[in-house]
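Observations on the model geometry
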Amino acid sequence: MAPAPAKRSGRSLGRGFGWLWAAYAASAFGTRFAFDAFTLIAILVLHAGPAQVSLLAAAGLAVGAAVAVPLGPWVEFRRKRPVMVAMDLIRFAALMSVPAAYAVGALGFAQLLLVSIVVAAADITFTAASGAYLKWLVRPEDLLVANGRFESTTWTTTILGPPLGGAAISLLGPLTTVVANAVSFLLSAVGIRAIGGQEPRPVRTGDRRFRAADVFEGWRYILAHPALRPLFFNTALVNGLIMAPVPLIAFLMLGPLGFAPWQYAVAFAVPCVGGIIGSRLSQPLVTRFGRHRVLLTAGTLRACWPLALAFVGPGIGGMALVITVELALITCIGVFNPVYATYRLEQTPTDRVVRTLSAWSVTTKTTTAALTALWGLLAAMTGPRTAIALAGLLLLTTPLLLLGRDYSPEHEAS
(Lines give C-alpha, C1' and ligand atoms only; values in the text may rest on other atoms or scores of the structure.)
Protein backbone atom coordinates (compact mmCIF):
# COMPACT_ATOMS: atom_id res chain seq x y z
CA MET A 1 0.00 0.00 0.00
CA ALA A 2 1.56 3.29 -1.10
CA PRO A 3 1.79 6.28 1.26
CA ALA A 4 -0.77 9.05 0.95
CA PRO A 5 0.15 11.65 -1.66
CA ALA A 6 2.05 14.59 -0.24
CA LYS A 7 1.25 18.20 -1.02
CA ARG A 8 4.15 19.55 -2.97
CA SER A 9 2.80 23.07 -3.24
CA GLY A 10 1.78 23.28 0.44
CA ARG A 11 3.78 22.90 3.62
CA SER A 12 2.55 19.42 4.53
CA LEU A 13 4.27 16.26 3.31
CA GLY A 14 1.69 14.05 4.95
CA ARG A 15 0.97 12.66 8.40
CA GLY A 16 3.55 9.90 8.08
CA PHE A 17 6.36 12.32 7.33
CA GLY A 18 5.20 14.51 10.23
CA TRP A 19 5.70 11.65 12.67
CA LEU A 20 9.05 10.73 11.11
CA TRP A 21 10.21 14.34 11.35
CA ALA A 22 9.08 14.59 14.99
CA ALA A 23 10.93 11.36 15.81
CA TYR A 24 14.08 12.69 14.15
CA ALA A 25 13.81 15.99 16.04
CA ALA A 26 13.50 14.18 19.38
CA SER A 27 16.53 11.93 18.85
CA ALA A 28 18.62 14.71 17.28
CA PHE A 29 17.99 17.02 20.23
CA GLY A 30 18.83 14.26 22.70
CA THR A 31 22.09 13.52 20.91
CA ARG A 32 23.14 17.18 20.89
CA PHE A 33 21.98 17.63 24.50
CA ALA A 34 24.34 14.80 25.51
CA PHE A 35 27.24 16.14 23.41
CA ASP A 36 30.58 14.83 24.82
CA ALA A 37 28.79 13.21 27.79
CA PHE A 38 30.87 10.01 27.59
CA THR A 39 34.10 12.01 27.53
CA LEU A 40 33.03 13.95 30.61
CA ILE A 41 31.95 10.77 32.41
CA ALA A 42 35.29 9.14 31.61
CA ILE A 43 37.18 12.16 32.96
CA LEU A 44 35.00 13.28 35.88
CA VAL A 45 33.54 9.98 37.10
CA LEU A 46 36.07 7.31 36.07
CA HIS A 47 39.16 9.58 36.22
CA ALA A 48 40.39 8.32 32.85
CA GLY A 49 43.60 9.66 31.35
CA PRO A 50 44.14 11.24 27.91
CA ALA A 51 44.93 7.90 26.25
CA GLN A 52 41.68 6.33 27.47
CA VAL A 53 39.62 9.36 26.45
CA SER A 54 41.13 9.25 22.95
CA LEU A 55 40.47 5.49 22.75
CA LEU A 56 36.85 6.03 23.75
CA ALA A 57 36.31 8.61 21.00
CA ALA A 58 38.17 6.82 18.19
CA ALA A 59 37.57 3.13 18.93
CA GLY A 60 33.86 3.55 19.66
CA LEU A 61 33.32 5.19 16.29
CA ALA A 62 35.61 2.91 14.26
CA VAL A 63 34.52 -0.41 15.79
CA GLY A 64 30.86 0.66 15.70
CA ALA A 65 31.21 1.37 12.00
CA ALA A 66 32.80 -2.04 11.42
CA VAL A 67 29.99 -3.77 13.34
CA ALA A 68 27.42 -1.95 11.18
CA VAL A 69 28.89 -3.22 7.88
CA PRO A 70 27.17 -6.66 7.79
CA LEU A 71 23.91 -5.15 9.03
CA GLY A 72 23.39 -3.30 5.74
CA PRO A 73 22.49 -6.32 3.57
CA TRP A 74 20.50 -7.81 6.47
CA VAL A 75 18.33 -4.68 6.71
CA GLU A 76 17.99 -4.21 2.93
CA PHE A 77 15.30 -6.87 2.46
CA ARG A 78 13.35 -6.23 5.64
CA ARG A 79 10.69 -3.67 6.42
CA LYS A 80 12.51 -0.53 7.47
CA ARG A 81 10.17 0.85 10.12
CA PRO A 82 10.53 -2.13 12.52
CA VAL A 83 14.31 -1.95 12.06
CA MET A 84 14.29 1.76 12.92
CA VAL A 85 12.21 1.12 16.05
CA ALA A 86 14.56 -1.71 17.04
CA MET A 87 17.64 0.49 16.64
CA ASP A 88 16.01 3.19 18.78
CA LEU A 89 15.21 0.67 21.52
CA ILE A 90 18.74 -0.78 21.38
CA ARG A 91 20.20 2.71 21.82
CA PHE A 92 17.78 3.41 24.68
CA ALA A 93 18.72 0.19 26.51
CA ALA A 94 22.47 0.61 25.92
CA LEU A 95 22.50 4.20 27.19
CA MET A 96 20.31 3.46 30.22
CA SER A 97 22.78 0.75 31.27
CA VAL A 98 25.28 3.52 32.09
CA PRO A 99 23.32 5.29 34.89
CA ALA A 100 22.04 1.89 36.06
CA ALA A 101 25.60 0.61 36.47
CA TYR A 102 26.67 3.86 38.14
CA ALA A 103 23.79 3.61 40.62
CA VAL A 104 25.09 0.24 41.90
CA GLY A 105 28.75 1.25 41.75
CA ALA A 106 29.60 -1.01 38.81
CA LEU A 107 30.30 1.50 36.03
CA GLY A 108 33.66 0.99 34.35
CA PHE A 109 35.57 2.19 31.31
CA ALA A 110 34.98 -1.08 29.43
CA GLN A 111 31.23 -0.61 29.69
CA LEU A 112 31.46 2.96 28.35
CA LEU A 113 33.49 1.69 25.41
CA LEU A 114 31.03 -1.14 24.69
CA VAL A 115 28.03 1.19 24.87
CA SER A 116 29.71 3.68 22.51
CA ILE A 117 30.29 0.85 20.00
CA VAL A 118 26.69 -0.39 20.21
CA VAL A 119 25.29 3.14 19.83
CA ALA A 120 27.57 3.92 16.88
CA ALA A 121 26.54 0.73 15.05
CA ALA A 122 22.84 1.38 15.75
CA ASP A 123 23.23 5.00 14.55
CA ILE A 124 24.59 3.89 11.17
CA THR A 125 21.96 1.16 10.74
CA PHE A 126 19.12 3.51 11.71
CA THR A 127 20.32 6.23 9.32
CA ALA A 128 20.55 3.82 6.39
CA ALA A 129 17.12 2.30 7.10
CA SER A 130 15.53 5.74 7.51
CA GLY A 131 16.91 6.87 4.15
CA ALA A 132 15.32 3.90 2.43
CA TYR A 133 12.07 4.45 4.32
CA LEU A 134 11.98 8.15 3.40
CA LYS A 135 12.35 7.24 -0.28
CA TRP A 136 9.21 5.10 0.03
CA LEU A 137 7.29 7.48 2.28
CA VAL A 138 7.37 10.69 0.22
CA ARG A 139 6.99 11.35 -3.48
CA PRO A 140 10.23 11.80 -5.49
CA GLU A 141 9.54 15.49 -6.11
CA ASP A 142 9.24 16.04 -2.33
CA LEU A 143 12.55 14.43 -1.34
CA LEU A 144 14.48 17.71 -1.44
CA VAL A 145 11.87 19.42 0.76
CA ALA A 146 12.02 16.53 3.26
CA ASN A 147 15.82 16.47 3.37
CA GLY A 148 15.86 20.26 3.77
CA ARG A 149 13.64 19.95 6.84
CA PHE A 150 15.87 17.30 8.37
CA GLU A 151 18.91 19.49 7.72
CA SER A 152 17.23 22.51 9.31
CA THR A 153 16.32 20.40 12.35
CA THR A 154 19.90 19.17 12.66
CA TRP A 155 21.26 22.70 12.93
CA THR A 156 18.46 23.89 15.21
CA THR A 157 19.19 21.11 17.70
CA THR A 158 22.91 21.83 17.37
CA ILE A 159 22.28 25.42 18.46
CA LEU A 160 20.05 24.50 21.40
CA GLY A 161 21.32 21.12 22.58
CA PRO A 162 24.95 21.66 23.69
CA PRO A 163 24.34 24.86 25.72
CA LEU A 164 21.33 23.34 27.51
CA GLY A 165 23.21 20.10 28.01
CA GLY A 166 26.18 22.00 29.40
CA ALA A 167 23.90 23.75 31.89
CA ALA A 168 22.36 20.41 32.89
CA ILE A 169 25.80 18.89 33.41
CA SER A 170 26.85 21.84 35.57
CA LEU A 171 23.75 21.51 37.75
CA LEU A 172 23.11 17.76 37.83
CA GLY A 173 26.18 15.99 36.41
CA PRO A 174 26.97 14.30 33.05
CA LEU A 175 24.83 11.20 33.72
CA THR A 176 21.75 13.42 33.47
CA THR A 177 22.36 14.08 29.78
CA VAL A 178 22.87 10.37 29.09
CA VAL A 179 19.45 9.63 30.56
CA ALA A 180 17.90 12.44 28.50
CA ASN A 181 19.54 11.07 25.34
CA ALA A 182 18.23 7.57 26.09
CA VAL A 183 14.70 8.91 26.59
CA SER A 184 14.95 10.80 23.28
CA PHE A 185 15.47 7.47 21.47
CA LEU A 186 12.46 6.01 23.24
CA LEU A 187 10.38 9.00 22.07
CA SER A 188 11.75 8.49 18.56
CA ALA A 189 10.64 4.85 18.62
CA VAL A 190 7.14 5.90 19.71
CA GLY A 191 6.97 8.48 16.91
CA ILE A 192 8.07 6.01 14.24
CA ARG A 193 5.63 3.42 15.55
CA ALA A 194 2.84 6.02 15.29
CA ILE A 195 3.40 6.49 11.54
CA GLY A 196 1.22 3.49 10.83
CA GLY A 197 0.41 2.34 7.31
CA GLN A 198 1.34 -0.84 5.51
CA GLU A 199 4.99 -0.83 4.47
CA PRO A 200 5.55 -3.51 1.79
CA ARG A 201 8.10 -6.22 2.43
CA PRO A 202 11.08 -5.74 0.06
CA VAL A 203 11.60 -8.50 -2.46
CA ARG A 204 15.12 -9.85 -2.86
CA THR A 205 16.30 -9.86 -6.46
CA GLY A 206 18.54 -12.62 -7.80
CA ASP A 207 19.93 -15.15 -5.31
CA ARG A 208 17.70 -15.15 -2.21
CA ARG A 209 20.43 -16.50 0.03
CA PHE A 210 22.64 -14.13 1.99
CA ARG A 211 26.18 -14.13 0.63
CA ALA A 212 29.34 -12.70 2.16
CA ALA A 213 29.73 -10.61 -1.00
CA ASP A 214 26.48 -8.79 -0.13
CA VAL A 215 28.39 -6.96 2.60
CA PHE A 216 30.37 -5.07 -0.04
CA GLU A 217 27.52 -4.44 -2.46
CA GLY A 218 27.08 -0.85 -1.29
CA TRP A 219 30.69 0.05 -2.06
CA ARG A 220 30.56 -1.78 -5.40
CA TYR A 221 27.50 0.19 -6.46
CA ILE A 222 28.97 3.55 -5.39
CA LEU A 223 32.33 2.95 -7.07
CA ALA A 224 30.69 1.81 -10.31
CA HIS A 225 28.37 4.83 -10.48
CA PRO A 226 29.89 7.68 -12.53
CA ALA A 227 28.28 10.46 -10.45
CA LEU A 228 28.06 8.93 -6.97
CA ARG A 229 31.72 7.86 -6.99
CA PRO A 230 33.22 11.40 -7.05
CA LEU A 231 30.50 12.66 -4.69
CA PHE A 232 31.37 9.82 -2.30
CA PHE A 233 35.08 10.64 -2.19
CA ASN A 234 34.34 14.36 -1.99
CA THR A 235 32.02 14.12 1.02
CA ALA A 236 34.25 11.67 2.90
CA LEU A 237 37.31 13.89 2.47
CA VAL A 238 35.52 17.16 3.14
CA ASN A 239 33.89 15.88 6.33
CA GLY A 240 37.17 14.40 7.55
CA LEU A 241 39.26 17.48 6.77
CA ILE A 242 36.72 19.78 8.43
CA MET A 243 36.48 17.67 11.60
CA ALA A 244 40.13 16.60 11.97
CA PRO A 245 41.39 20.05 13.07
CA VAL A 246 38.52 20.68 15.52
CA PRO A 247 40.40 19.34 18.59
CA LEU A 248 43.39 21.48 17.57
CA ILE A 249 41.25 24.60 17.29
CA ALA A 250 39.82 23.82 20.73
CA PHE A 251 43.34 23.43 22.12
CA LEU A 252 44.40 26.78 20.65
CA MET A 253 41.35 28.70 21.81
CA LEU A 254 41.07 27.20 25.29
CA GLY A 255 44.82 27.06 25.85
CA PRO A 256 47.31 29.59 24.43
CA LEU A 257 44.65 32.08 23.27
CA GLY A 258 42.92 32.14 26.66
CA PHE A 259 39.27 31.87 25.63
CA ALA A 260 36.81 30.86 28.35
CA PRO A 261 34.81 27.66 27.72
CA TRP A 262 31.59 29.67 27.28
CA GLN A 263 33.28 31.84 24.63
CA TYR A 264 34.43 28.74 22.77
CA ALA A 265 30.89 27.31 22.94
CA VAL A 266 29.33 30.56 21.67
CA ALA A 267 31.85 30.83 18.82
CA PHE A 268 30.72 27.46 17.46
CA ALA A 269 27.03 27.51 18.46
CA VAL A 270 25.97 30.88 16.99
CA PRO A 271 27.14 30.07 13.41
CA CYS A 272 24.81 27.04 13.32
CA VAL A 273 22.11 29.55 12.37
CA GLY A 274 23.76 29.33 8.93
CA GLY A 275 22.68 25.70 8.66
CA ILE A 276 19.05 26.68 9.13
CA ILE A 277 19.39 29.46 6.55
CA GLY A 278 21.19 27.23 4.05
CA SER A 279 18.72 24.36 4.36
CA ARG A 280 15.81 26.74 3.73
CA LEU A 281 17.58 28.18 0.69
CA SER A 282 18.40 24.81 -0.90
CA GLN A 283 15.06 24.22 -2.65
CA PRO A 284 14.61 27.81 -3.96
CA LEU A 285 18.19 27.79 -5.24
CA VAL A 286 17.70 24.48 -7.05
CA THR A 287 14.45 25.76 -8.54
CA ARG A 288 16.14 28.91 -9.83
CA PHE A 289 19.62 27.73 -10.81
CA GLY A 290 19.32 23.95 -11.18
CA ARG A 291 20.75 21.13 -9.11
CA HIS A 292 24.04 20.91 -11.01
CA ARG A 293 25.00 24.53 -10.42
CA VAL A 294 23.95 24.46 -6.76
CA LEU A 295 25.95 21.30 -6.01
CA LEU A 296 29.09 22.62 -7.67
CA THR A 297 28.85 26.12 -6.19
CA ALA A 298 27.96 25.12 -2.63
CA GLY A 299 30.39 22.19 -2.78
CA THR A 300 33.18 24.54 -3.80
CA LEU A 301 32.38 27.34 -1.36
CA ARG A 302 32.25 25.06 1.69
CA ALA A 303 35.91 24.15 1.06
CA CYS A 304 37.11 27.76 0.98
CA TRP A 305 36.61 28.90 4.58
CA PRO A 306 38.41 26.61 7.11
CA LEU A 307 41.93 27.71 6.09
CA ALA A 308 41.28 31.06 7.83
CA LEU A 309 40.95 29.28 11.19
CA ALA A 310 44.73 28.79 11.23
CA PHE A 311 45.03 32.53 11.82
CA VAL A 312 42.68 32.83 14.79
CA GLY A 313 43.96 35.22 17.44
CA PRO A 314 43.00 36.20 20.99
CA GLY A 315 40.19 38.46 22.13
CA ILE A 316 37.14 39.79 20.32
CA GLY A 317 38.90 39.76 16.93
CA GLY A 318 39.70 36.07 17.18
CA MET A 319 36.19 35.20 18.27
CA ALA A 320 34.72 37.27 15.44
CA LEU A 321 36.95 35.45 12.94
CA VAL A 322 35.79 32.03 14.14
CA ILE A 323 32.11 33.04 14.07
CA THR A 324 32.42 34.54 10.57
CA VAL A 325 34.26 31.56 9.12
CA GLU A 326 31.95 29.00 10.74
CA LEU A 327 28.83 30.92 9.68
CA ALA A 328 29.94 30.96 6.05
CA LEU A 329 31.02 27.31 6.16
CA ILE A 330 27.85 26.02 7.80
CA THR A 331 25.59 28.04 5.48
CA CYS A 332 27.26 26.40 2.48
CA ILE A 333 26.94 22.97 4.12
CA GLY A 334 23.27 23.68 4.85
CA VAL A 335 22.66 24.30 1.14
CA PHE A 336 24.79 21.39 -0.11
CA ASN A 337 23.67 18.57 2.19
CA PRO A 338 19.93 18.33 1.33
CA VAL A 339 20.67 18.58 -2.39
CA TYR A 340 23.33 15.89 -2.39
CA ALA A 341 21.33 13.62 -0.04
CA THR A 342 18.33 13.87 -2.38
CA TYR A 343 20.45 13.19 -5.46
CA ARG A 344 22.02 10.16 -3.77
CA LEU A 345 18.59 8.68 -2.98
CA GLU A 346 17.33 9.34 -6.51
CA GLN A 347 20.35 7.64 -8.04
CA THR A 348 20.19 4.53 -5.83
CA PRO A 349 17.79 1.68 -6.72
CA THR A 350 15.31 0.80 -3.99
CA ASP A 351 16.86 -2.63 -3.40
CA ARG A 352 20.31 -1.10 -2.77
CA VAL A 353 19.51 1.97 -0.65
CA VAL A 354 20.36 0.54 2.78
CA ARG A 355 23.63 -1.06 1.68
CA THR A 356 24.66 2.08 -0.20
CA LEU A 357 23.87 4.44 2.68
CA SER A 358 25.55 2.08 5.17
CA ALA A 359 28.72 1.95 3.06
CA TRP A 360 28.64 5.74 2.70
CA SER A 361 28.21 6.33 6.44
CA VAL A 362 30.81 3.75 7.47
CA THR A 363 33.39 5.25 5.10
CA THR A 364 32.68 8.81 6.22
CA LYS A 365 32.92 7.97 9.92
CA THR A 366 36.08 5.87 9.64
CA THR A 367 37.73 8.49 7.42
CA THR A 368 36.95 11.18 9.98
CA ALA A 369 38.29 9.04 12.83
CA ALA A 370 41.50 8.23 10.92
CA LEU A 371 42.14 11.82 9.86
CA THR A 372 41.47 13.11 13.37
CA ALA A 373 44.07 10.72 14.78
CA LEU A 374 46.52 11.58 11.97
CA TRP A 375 46.11 15.32 12.50
CA GLY A 376 46.80 14.87 16.20
CA LEU A 377 50.16 13.32 15.33
CA LEU A 378 50.82 15.99 12.72
CA ALA A 379 50.12 18.75 15.26
CA ALA A 380 52.54 17.12 17.69
CA MET A 381 55.29 17.34 15.04
CA THR A 382 54.53 20.70 13.40
CA GLY A 383 52.32 22.64 15.83
CA PRO A 384 48.54 23.09 15.81
CA ARG A 385 48.43 26.12 13.47
CA THR A 386 50.45 24.35 10.80
CA ALA A 387 48.23 21.27 11.02
CA ILE A 388 45.05 23.40 10.81
CA ALA A 389 46.46 25.26 7.79
CA LEU A 390 47.38 22.01 6.03
CA ALA A 391 43.83 20.70 6.45
CA GLY A 392 42.53 23.97 5.01
CA LEU A 393 44.87 23.77 2.02
CA LEU A 394 43.90 20.18 1.27
CA LEU A 395 40.23 21.14 1.48
CA LEU A 396 40.78 23.64 -1.35
CA THR A 397 41.53 20.72 -3.68
CA THR A 398 38.37 18.72 -2.90
CA PRO A 399 36.03 20.57 -5.35
CA LEU A 400 38.09 19.04 -8.17
CA LEU A 401 36.33 15.74 -7.40
CA LEU A 402 32.98 17.31 -8.32
CA LEU A 403 34.08 18.50 -11.75
CA GLY A 404 33.46 16.59 -14.96
CA ARG A 405 30.00 15.34 -14.06
CA ASP A 406 26.63 16.92 -14.89
CA TYR A 407 24.17 16.51 -12.01
CA SER A 408 21.18 17.95 -13.87
CA PRO A 409 18.16 15.61 -14.32
CA GLU A 410 18.67 15.10 -18.04
CA HIS A 411 22.12 13.60 -17.34
CA GLU A 412 21.10 11.20 -14.57
CA ALA A 413 22.51 7.70 -14.77
CA SER A 414 19.98 5.01 -15.48
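See the structure shown above.
Residues numbered from 1 in each chain as written. Predicted model: local features only at pLDDT ≥ 70, side-chain atom pairs only at ≥ 80, totals over all residues. Heavy atoms only, no water.

**A look at the nonpolar core**
Of all hydrophobic cores here, the largest spans 36 residues; its most connected members are M253, F268, V322, W375 and I388. When residues of this core are traced back to their parent elements, those giving at least two are α10 (228-243), α11 (246-254), α12 (261-269), α15 (315-346), α16 (353-382) and α17 (384-395). With six residues, α15 is the largest single contributor of residues to this core. One finds M87, V145, F150 and I192 within the second-largest nonpolar core, a separate group that totals 29 residues. (Core = buried A, V, L, I, M, F, W, Y, C linked by side-chain atoms within 4.5 Å. Buried < 20%, exposed > 50% of the residue type's maximum accessible area, 1.4 Å probe, protein only. Helix = DSSP H or I, 4+ residues; strand = E, 2+ residues; numbered from the N terminus.)

**What to know about the packing of helix α7 (residues 143-172) against helix α8 (residues 174-193)**
Orientation of α7 relative to α8, taken along the N-to-C sense of each, is 130°, at an axis distance of 6 Å. As judged from the angle between their axes, α7 and α8 are oblique. Contacts between α7 and α8 involve G165, A168, I169 and L172 from the former and P174, T176 and T177 from the latter. Here the contact of α7 with α8 is composed, by residue class, of four nonpolar, three polar and no charged. (Axes fitted to C-alpha atoms, helices over the stretch in contact; angles between N-to-C directions. Parallel < 35°, antiparallel > 145°, perpendicular 65-115°, else oblique. Contact = heavy atoms within 4.5 Å. Nonpolar A, V, L, I, M, F, W, Y, C, P; charged D, E, K, R; others polar.)

**Some points on the environment of T157**
Among the structural elements, T157 can be located in helix α7. On the accessibility criterion, T157 (6% relative accessible area) is buried. Between the C-alpha atoms of T157 and G30, which are 127 residues apart in sequence, the distance is 8.5 Å. When neighbours within four sequence positions are excluded, T157 is seen to be in contact with A25, A28, F29, R32 and P162.

**A few points about α16**
Every α-helix winds through 3.6 residues per turn, so residues three or four apart in the chain are directed the same way. In this model, α16 (30 residues) spans 42 Å end to end at C-alpha, consistent with the 44 Å of a helix rising 1.5 Å per residue. Where α16 ends, the next residue or the one after it, G383, has phi of about 100°, a positive value. (Expected span 1.5 Å × (residues − 1).)

**Considering the side chain of E199**
If you trace the backbone, E199 turns up in the loop between α8 and α9 (217-224). No salt bridge forms around the buried E199; measuring N to O, its nearest opposite-charge neighbour R81 is 4.7 Å away. Within polar-contact distance, the side chain of E199 engages the backbone nitrogen of K80 at 2.6 Å. Those residues in contact with E199 that lie beyond four places of it in its chain are R79, K80, R81, P82, Y133 and W136. (Lys, Arg positive; Asp, Glu negative; His and termini not counted. Salt bridge = Lys/Arg side-chain N within 4 Å of Asp/Glu carboxyl O. Polar contact = N/O pair within 3.5 Å; in protein donor to acceptor, adjacent residues only side chain to side chain.)

**Some points on the pattern of salt bridges**
Applying the stated criterion across every chain, the model contains six salt bridges. The partner of D88 in a salt bridge is R91, and the shortest N-O contact between them spans 2.7 Å. Here the residue D88 and the residue R91 both occupy positions in helix α5 (residues 80-103), the gap between them amounting to three residues, near one helical turn. For the pair D88 and R91, one class covers both residues: buried. Between E141 and R139 there is a salt bridge, with the nearest N and O atoms lying 2.3 Å from each other. A relative accessible area of 30% means that E141 is categorised as partly exposed. R139 gets classed as partly exposed once you look at its relative accessible area, which sits at 37%.

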